[in-house]
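# Observations on chain architecture
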Amino acid sequence: GRRGSGARGHVRRRAVTKGDGELLWSLGSLPASFKEVVADSTREYKILCYGDSHTLGMCALGKVYEPYGRALAAALSQDLGASVEVVVAGHYALPTAELLAQRDEDEVKDGLGNICGGLGHLLKTLDRPPDVVLVMAGANDTGTLTGKNMEELSDSISRLYALPLAHGFKTLALAPLTRPSQKAASLVRRARLAKMLSWWVDDYGESRADDPEQLPRAAFVDPATILLPGPADGADGHWDADTFHLTPKGSRFLGRKLADYVAALLFDTKMPMQYSDEAIEDASGVQLRGIEVWRARPEEKAEAYLGDVEDDFARGELSRRVPTRSLALLMVKPEDVPCVGQEAEFFLSRSAGDAGTLAAVDYAVAWDGGVMACLPQIEDALGLPRGGTAIEIVDLLRWSDDEVMLKVRGASLLQLVAKHPSRRAKGFVVAMLQEVLEWGRFEAEAGIDALEGELATLEHLFGECGELQRRTNLDAAGDFGRTALSERVASVLQTTEPVRMLGVPSGIDESRLRRAAAISHAALAALSVNQRMKLLVQPESLSLRIKHLNEYLGKVRSLLCARLAMGRALDEDDGPNSGSS
């Protein structure tokens, strides 16, 4: 190509001084430069951000621009107390293969007519070597992503990551952005692609371990752990109305969040934790990040449609201490709904009519860390049940695109915000819910010692019912005899060990509260299906749950004792002398 705007020492840039926050109607010549100057600082850092239109910050169909690099410069300068220059370069609507093929060209024309040098050319011609290079590519390829071309795309993006590393520059490798308009299956394929890219960075890190002084450091960030899904309306959210690009607000948010990762590369410190650091992975490498991802999402305001939601707060059905958020619903037979601390497996098949459920699973994996709300499918019911179980997907095996084996664990109880309308998306239902805290007003009034006294009663009743069941062979009320309650409690504690308990007040021993909750959930799981559903669909905090369990077990004991006494009376009537006068 011709030596032009990208020639050494002749790079034309647009400088934006600190505090300059107006929208940009044009980036001018590329690459563009955003400078934040700290007058009394002798330190100065240079960052290069390279990629596609997401890096260029295209908003409102190209009417305005807000590169994330602009907010990155401001955040880094403020955090470090130093001058920072962020150079932004990229190409609109070019696939990754094209970016790679023209990497050494000094002029690459994109879909909007912008001209900018390729990544390899920029690395050789910037007036000062960058301290860190950020590379994000692949968004223009994910719309046609399939299982067949995923490896090829991963290889192309990885080769772009490798360019600044080969020049000796520290590199932050970014996965391509997702978008709200993608179908569930596409979201899962993008998540797999992101995982493959993270593997490449991991492999590079292992090779660097042999010679850390000679090879520059690389780190990987999936923006899907930063930019959570939201309405693509171009108004107050992070996603533009075209359902592909970010709004200026979303781009600034991304830039501010990436500042921590760039700073860690600059000073060779530990990278900030991503959700994936403690992820559970399925057989395909898809990250299933658990309930903490859902808990980390912004609160969603509950808007009434059948009455005033404030009434539910006033009656104590909803708690002001707990945020309300939406989840995809997994509707199953009542006998299949897991209680907290239980594990369950589901086989889903499109041919069996599970297309909507498969889409719900994909949605949960892509957006909510593999968390869903499991509710009973009650025949002829009007509306949805008021409660259910928050389940985490702990294993997901895809036999094909149409068949999935799902393993889940019950993590916490959920209360449906009944006066908020649920919505149907791609064949499944998304509803607003709130977690049920184990410790609330009633527990605080009673105290942990009194609760443990009630639990001792529960354990005694459970044991008596088990003994009576063994003697009467009657188990319609539940299963109290085959497995000891202590074994059930140990299983619940082990299953829920990774789940953080919410709302534990200071001064309360969490281990005591955790064991108390485990006893109640273990006993609940042993009840008959009908009785279990009565308590699950009207979820309550620990104290009320124990109360109702004790009431039920007391009735079961009385009935079994009466049946046993009746059997004895009949045996006596049928004795050897029963027919004599």
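The following refers to the structure shown. (Residues numbered from 1 in each chain as written. Predicted model: local features only at pLDDT ≥ 70, side-chain atom pairs only at ≥ 80, totals over all residues. Heavy atoms only, no water.)

### Some words on the overall build of the protein
The condition that has to hold: By the criteria applied, helices consist of DSSP H or I runs no shorter than four residues and strands consist of E runs no shorter than two, each listed in order from the N terminus. A simple rule labels every residue: compare its accessible area, found with a 1.4 Å probe on the protein chains alone, to the largest value its type can have, and call it buried under 20%, exposed over 50%, or partly exposed in between. Throughout, a contact is declared for two residues whenever any of their heavy atoms are within 4.5 Å. Here the open area of atoms and residues is found with the Shrake-Rupley method and a 1.4 Å probe, where only the protein chains shown may cover a residue.
Along the backbone of the protein there are 16 helices and 19 strands. Residue burial in the protein is summarised as follows: out of 581 residues, 54% are buried. Residue pairs at least 24 apart in sequence account for 71% of intrachain contacts in the protein once pairs closer than 6 positions are excluded. Of the roughly 26100 Å² that the protein leaves accessible, carbon and sulfur atoms contribute 48%.

### Some remarks on the side chain of Lys170
Rules: A 3.5 Å cut-off defines polar contacts: any pair of N or O atoms within that distance qualifies, except that in protein one atom must be a possible hydrogen donor and the other a possible acceptor, and neighbouring residues in sequence count only when both atoms are side-chain atoms.
Note that Lys170 resides in strand E9 (residues 170-174). Looking at Lys170, its side chain comes within polar contact range of the side chain of Asp268, at 3.4 Å.

### Here's the deal with the sheet that holds strand E5 (residues 83-90)
To be explicit about the condition: At least two bridges found by DSSP between two strands is the condition for calling them paired. Only the contacting stretch of a helix is used when fitting its axis, a line to C-alpha atoms as for every element, and angles between N-to-C directions run 0 to 180 degrees.
Pairing is mixed across the open sheet formed by 6 strands, whose spatial order is E1-E5-E2-E8-E9-E10. Both edges of this open sheet fall to strand E1 (32-36) and strand E10 (218-221), since each of them pairs with a single strand only. If you compare each strand with its neighbour and ignore which way they point, the axes differ by 20° on average. With 4 bridges joining them, E9 and E10 adopt parallel strand pairing. Within E10, the residue paired with Leu174 across the bridge is Val221. Taken strand by strand, helix H2 (residues 68-80) contacts E1, strand E2 (44-51), E5, strand E8 (132-136) and E9, and its axis lies near 160° from that of E5.

### Description of empty space enclosed by the protein
Note the threshold: Using a 1 Å grid laid over the protein atoms alone, points where a 1.4 Å probe fits but cannot get out form a cavity; open sets with protein on both sides within 12 Å along at least 5 of 7 lines form a pocket; any residue with an atom within 4 Å of a point counts as lining. Grid points are joined across faces, edges and corners, and a volume is the space filled by probe spheres set on the points. When residues are sorted by character, Ala, Val, Leu, Ile, Met, Phe, Trp, Tyr, Cys and Pro go into the nonpolar class, Asp, Glu, Lys and Arg into the charged class, and all the rest, Gly among them, into the polar class.
Taken as a whole, this structure holds 4 cavities of 30 Å³ or more when the rule is applied. Val340, Ala411, Ser412, Glu438 and Met501 are the residues nearest the centre of the largest cavity, which is lined by 19 residues in total. Broken down by secondary-structure element, the contributors of at least two residues to the lining of the largest cavity are strand E17 (403-416), helix H13 (485-496) and helix H14 (510-525). Counting residues per element, the lining of the largest cavity draws most heavily on H14, at 4 residues. Classifying every residue of the lining of the largest cavity gives 11 nonpolar, 3 polar and 5 charged.

### Some words on helix H12 (residues 448-472)
Filter applied, for reference: In this analysis, the expected span of each helix is defined as 1.5 Å times one less than the number of residues it contains.
With 25 residues, H12 should reach 36 Å at 1.5 Å per residue; the first-to-last C-alpha distance of 36 Å fits that figure. Along H12, the residues classified as buried are Ile448, Leu451, Leu455, Leu458, Leu461, Phe462, Cys465, Gly466, Leu468, Gln469 and Thr472. Looking one or two places after H12, you find Asn473, whose phi comes out positive at around 60°.

### Here's the deal with the packing of aromatic side chains
Put simply, the rule is: Any two of the Phe, Tyr and Trp rings considered here, Trp counted by its six-membered ring, make a pair once their centres fall within 6.5 Å; the pair's planes then place it as stacked at under 30 degrees, edge-to-face at over 60, or tilted in between. Each ring is checked for a lysine NZ or an arginine CZ that lies within 6 Å of its centre and within 35 degrees of its normal; such an atom marks a charge sitting over the ring.
Scanning all chains against the criterion turns up 5 aromatic pairs. Their ring planes at 10° and their centres at 6.1 Å tell us that Trp200 and Tyr204 sit as a pair that is stacked. In this pair, Trp200 and Tyr204 both sit in helix H6 (residues 184-208), 4 residues apart, roughly one turn of the helix. Its relative accessible area of 26% is what places Trp200 among the partly exposed residues. Classification of Tyr204 by relative accessible area gives buried; the value is 12%. Aromatic side chains Phe462 and Phe480 sit 5.2 Å apart centroid to centroid with 85° between the ring planes, which places their arrangement in the edge-to-face category. Residue Phe462 is found in helix H12, and its partner Phe480 is found in the loop between H12 and H13; the two are separated by 18 residues along the sequence. For the pair Phe462 and Phe480, one class covers both residues: buried. Grouped by ring-pair contacts, the aromatic residues Tyr161, Trp200 and Tyr204 constitute a single cluster. One Lys or Arg, Arg325, reaches over the ring of Trp294 and ends 5.9 Å from the middle of that ring. Above the ring of Phe442, the side-chain terminus of Arg441 is found at 4.4 Å from the ring centroid.

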